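# Reading the structure
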Amino acid sequence: MASLLQILSFLSFHCLIAIASSSSNQIPKPYVVYMGSCSSNVNENGQDVEAAELADHLQLLSSIIPSGESERISLIHHYKYSFKGFSAMLTEKEASALSAGHEEIVSVFPDPMLQLHTTRSWDFLKAEAATKPEPTTSTFGSTSTHKYHNNLSTDVIVGIIDTGIWPESPSFKDHGMSEIPSRWKGICMASPDFKISNCNRKLIGARFYTIPLASSNSDTTKNSGSSRDSVGHGTHTASTAAGSQVPNASYFGLARGTARGGSPYARIASYKACSEDGCSGSAILQAIDDAIHDGVDMISISIGMSSLFQSDYLSDPIAIGAFHADQMGVMVICSAGNDGPDPSTVVNTAPWIFTVGGSSIDRDFQSTVLLGNGKVIKGSAISLSNLSRSNTYPVAFGKDIAAKFTPASEARTCRPGSLDPKKVAGKIVVCVDDDPTVPRKIKKLVVEDAKAKGLILIDEDQKGVPFDSGAFPFSEVDSVAGFKIIDYINSTKNPTATILPTVEVPRYKPAPVVAYFSSRGPGSLTENVLKPDITAPGVAILAAVVPKTTAGSVPIGKKPAGYAIKSGTSMACPHVTGAAAFIRSMRRRWTSSIIKSALMTTATMHDNMGKLMTNSTGNYANPHEMGAGEINPLKALNPGLVFQTTTKDYLRFLCYYGYSEKNIRSMSKTNFLCPKNSIDNLISNVNYPSISITNLDRHGPVRTVGRTATNVGSPNATYISRVNAPSGLAVKVFPEKLVFVKGVKRVSFRVSFYGKQASNGYNFGSITWSDNRHSVRMMFAVNVE
């Protein structure tokens, strides 16, 4: 039996924990208070609604914040154009009081810090499209300045929510561009390092925002102070989406060519909601609210919540803002995240968001390793070193140069503190990348700080995503090549090697390949919407950046580069934004959901070898990895049929997901009534361009879902269905034929799934509607249990 002293110690320990926890709950931190959709800017009595709402919000804070802390009765952000709400410094108790005690409040949640999801790519997409010529023509991806394309494209305004922008980049010059569209209401915010004159007819707007800090200090906010980009991420994404054409761009000679965005004559508006520390959720909400009001056509957001801590749709600032953007006709395109290849890691999964995964293009960057025995090992890297064949150095495996008392398992992975600096100095070090907690950048710094001459990294997974090591010699090899290197080290008394600078390998095959890092489905919030939606180039993308002079990043004697090669779904997202802007310029009457459907149902499923797309392991990619496939912007101009997802569809989705009718009405400012039978399984019936069913009982009845197709092609057309389903899964479409005649633009059909003979787990396939001119492919994912 425990002694009285032990019991008292146990109780006092847990009391201390409880007191500490209670105390921390009373430390103010930033919260977002979301209050649904805005109505009009002027009420029935002609009063300014914005001023009245501001007063109401301050009154709300006054009712819960103690009078002795009156300095907290202030708003960090105030949402007022497309949706209502604010952010403020609150304790957990105050946030709970707001959430429970006020009918007009939809949700209250801690202000999250979101993550950044961090050219030849457009030529590659154009080349892929050219393999099957379409009847429509376009200058998409062309270096010509076709007048027709120019006049149309200059009407499109792309909003980029990111780390700001570097306005001096040639990618943002406005040569040949017409006057700014009169509908533009945005501004160019000045600061000591960013003048109003930095904006022009290309970069038409720039804003920056206050970033709340979760701190007990009196200074609870941080003003980013300028629209200028200090990170480079926002500049890279903006130039990828809509950068002007820049001939002879390169990264110190690598990837040389004409850099351009997908819609090089579209306008850019920059909204800086991120810093080096991350992205404030409340600032992103403010940026979306401003962008909608300013007059953008679409918003590109290469940012997302952590896949480990995903919030529901009413606690996710991107999901909330994107919902209201869609209601106002503004398309929102987001990155899927970089937490692949694990399943259920995809983020930004709301059905009103266009979610983008990342893939490779037909270009590789090789850094060759020459061993002392004459063997040549081809590795992957973006290394700007000046080593040559004559610069050979001793080569050693990490575990053989371990620091004292360090386990060999840590030294072989080159963990910080695991290597003996005296044994490392002057050598090329070989490390194994089998510890996911130590990224490549850290391993490189570990050996570089110990005065190594270079790093050879054995990594089976990330070898297809070249790492930029700056001027430090680096090469990444697969496990087969790695075994050869280690075998050589063990077979000779004085092993030597050198690492040659990177060379570009053009027309690389196969491509595209789904990137290792690209986050996978199914979505963790609901599996009844298939995510990601689509894939686009996100590996080794050349685009504009902030010219930096960080030690070791610039080769000796060179000036800082204005362009760099980056990888991530952050890079894939603006490719889809650029493609959507291009389509919007050509199809002005198309809604966001039509553009989304057109890009999804015409996407490419094959690589440049004519085979089905694969993932980084060489297996065929499935829709949880690639969505509908790789974007094909030219083909998307003429999709034949589209699947329009309306606001009513999204409201039904919210009902099926389980949100209250009261909250849904607040969000939509309507008297919408939820269907009586609102369950999660009915989400599969939302009129989406793909189908996902999370639980098909193999012993249960047939499961049927419905869709409605809208004809955007010839008014007289007959489409016949073709099913591609895995063995054992019975899939039937009825009717099998869709007939469109003059006056009939929409026709509904149903798809039934029966899984008695199917394999357990997810079964993937497609339904293709064809009229001999168009192929309209709808992917499906069915989980048989």
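Residues numbered from 1 in each chain as written. Predicted model: local features only at pLDDT ≥ 70, side-chain atom pairs only at ≥ 80, totals over all residues. Heavy atoms only, no water.

An unreviewed UniProt entry lists the protein under the name Subtilisin-like protease, with Melia azedarach as the source organism.

## Thoughts on the sheet that holds strand 16 (residues 303–304)
Heads up, the rule is: Only strands that DSSP links by at least two bridges are regarded as paired with each other. Strands here are runs of E lasting at least two residues and helices are runs of H or I lasting at least four, both read from the DSSP assignment and numbered beginning at the N terminus. Whether two residues are in contact is decided by their heavy atoms, any of which lying within 4.5 Å being enough. Lines fitted to C-alpha atoms define the axes here, with helix axes fitted over just the stretch in contact, and angles between the N-to-C directions of these axes take values from 0 to 180 degrees.
One open sheet holds the 4 strands; their spatial order is 13-14-5-16, and the pairing between them is antiparallel. With one partner strand each, in any of the chains shown, strand 13 (274–275) and strand 16 form the two edges of the open sheet. Of the pairings in the sheet, the one linking strand 5 (residues 113–116) to strand 16 comprises 2 bridges and is antiparallel in character. Bridge pairing in strand 16 links Gln115 to Gly304. Strands strand 5, strand 14 (278–280) and strand 16 of the sheet are contacted by helix 7 (residues 281–294), whose axis makes an angle of about 65 degrees with strand 14.

## Looking at the sheet that holds strand 40 (residues 746–754)
Strand order in this open sheet of 4 strands is 34-36-40-38, and the pairing throughout is antiparallel. On the outer flanks of this sheet lie strand 34 (641–642) and strand 38 (730–734), each paired with one strand and no other.

## Focus on the state of the cysteines
Put simply, the test is: We call a pair of cysteine sulfur atoms a disulfide when they lie within 2.5 Å. Relative accessibility under 20% of the residue-type maximum defines a buried residue, over 50% an exposed one, and the middle range a partly exposed one, all with a 1.4 Å probe and only protein chains included.
Going through the model one piece at a time under the given rule, you end up with 4 disulfides. The disulfide that involves Cys188 links it to Cys199, with 2.0 Å between the sulfurs. Around the S-S axis, the bridge from Cys188 to Cys199 shows a dihedral of about 80 degrees and counts as right-handed. Of this pair, Cys188 sits in the loop between strand 6 (157–162) and strand 7 (203–208) while Cys199 sits in the loop between strand 6 and strand 7, and the two are 11 residues apart along the sequence. Taking relative accessible area as the criterion, Cys199 reaches 14% and is therefore assigned buried.

## Description of the side chain of Glu625
Rules: Pairs of N or O atoms are called polar contacts if they sit within 3.5 Å, as long as, within protein, a hydrogen donor faces a hydrogen acceptor (for residues adjacent in sequence, only side-chain-to-side-chain pairs).
With respect to the helices and strands, the residue Glu625 is situated in helix 15 (residues 623–626). At 3.1 Å, the side chain of Glu625 forms a polar contact with the side chain of Asn615.

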